[in-house]
Amino acid sequence: MIQSFGEGRQSILELFFIRHGQGIHNTNIPDRLNYSNPRLTEKGKEQVKRLHDTFYFKEEDVFLVSPTIRTIETANLLTSNLFHVTKFVHPLVGPRIFPLPENPKSHVSKCDEIYPITAIRKDHPDFIIQQEDHVNLWNEGINTMSQEAFDALGDELLSWVQSLKKERIFIVAHDGTITNYRILLGEEGLTRDDFLGEAGWHKVKL
C-alpha cells in the first residue's frame, strides 16, 4: 500500500506512470493481439511526442521501461532531447493482465511477449538491463503471475525505485501493468475503465 512507502516523512519522489503510445496491435488489423513485437504507429509516435510539452524532461529524470518494443520506442521518443539520461529496462514493469482471470495462461497474446535480452542489448545498448540473472522472470514475465507473487515482487521494485533517491521517475509500461501497480500503491476500486489509454499518464507521490 502507498502508506508503507511514504508514511512518516516528507514526500521526495514523484513517480509517473506513462502508457505507451498507439501500437500496431491497437489498430483494426486482423488478429491484432497476436501480432508479435508490435511497434508504435505514426499516430502513437505523435501522441508520445506531445508529452514533452507536459513534462519538460530533464537529464536528472530516470526512466524504467517495460521490455517490449513499443515501450522502448516510447521511452526513446520521450528522451530524444537528452544526452545522459538513465534508462532501465525491467521485466517487473512488463505486460500484465488486468484483471487476472481464473486461467491466466489461456488469455496470453503474442503482442505481450517479452523482447529478449539479447535483442535489447544489440539494438538498444543505451538501456541498463535489470534482473538479467533472473532467467525465469525474463522468460515468463509478470503477465500471468499469481497476484501474491506479483505483489511481493512489486513491493521490492517500489522499494528499489525509492532507493534511487531521484526527484522524478517515469515508468513506461502498459495499461494492465500500471493498473496493478496503482492498486499496489493503495488505490481501490480500479477497473478496466480506469486504464490510461494511449500515451496517458498518472502521478503518484512517494
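Spatially, the six strands line up as an open sheet ordered β4-β3-β2-β5-β1-β6, and their pairing is mixed. Taken across any chain shown, the strands that pair with only one partner, and hence form the sheet edges, are β4 (128-129) and β6 (201-205). Pairing analysis gives four bridges linking strand β2 (residues 62-65) to strand β5 (residues 168-173), with the strands arranged parallel. Paired with L64 across the strands is I171, a residue of β5. Along the sheet, helix α8 (residues 175-184) contacts β1 (14-19), β5 and β6; its crossing angle with β1, the most-contacted strand, is approximately 150 degrees.

All right, on to the side chain of H174 then. Within the element layout of this structure, H174 appears in the loop between β5 and α8. Of note is the side chain of H174, whose polar atom sits 3.5 Å from the side chain of R70. Contacts of H174, omitting those with residues within four sequence positions, involve R19, H20, S66, T68, R70, T71, V93, G94 and P95.

Now for the pattern of salt bridges. A complete count under the given rule lists 11 salt bridges for this structure. One salt bridge connects E14 with K203, and the closest N-O pair in it is separated by 3.4 Å. Here K203 lies in strand β6 and E14 lies in strand β1, a separation of 189 residues in the sequence. The closest approach of N and O atoms between K49 and E46, which form a salt bridge, is 3.5 Å. In this pair, K49 and E46 are both assigned in helix α2 (residues 42-49), three residues apart and thus about one turn of the helix distant. On the accessibility criterion, K49 (41% relative accessible area) is partly exposed.

What counts, and at which threshold
- Residues numbered from 1 in each chain as written.
- Predicted model: local features only at pLDDT ≥ 70, side-chain atom pairs only at ≥ 80, totals over all residues.
- Heavy atoms only, no water.
- Pairing = 2+ DSSP bridges.
- Helix = DSSP H or I, 4+ residues; strand = E, 2+ residues; numbered from the N terminus.
- Contact = heavy atoms within 4.5 Å.
- Axes fitted to C-alpha atoms, helices over the stretch in contact; angles between N-to-C directions.
- Polar contact = N/O pair within 3.5 Å; in protein donor to acceptor, adjacent residues only side chain to side chain.
- Salt bridge = Lys/Arg side-chain N within 4 Å of Asp/Glu carboxyl O.
- Buried < 20%, exposed > 50% of the residue type's maximum accessible area, 1.4 Å probe, protein only.

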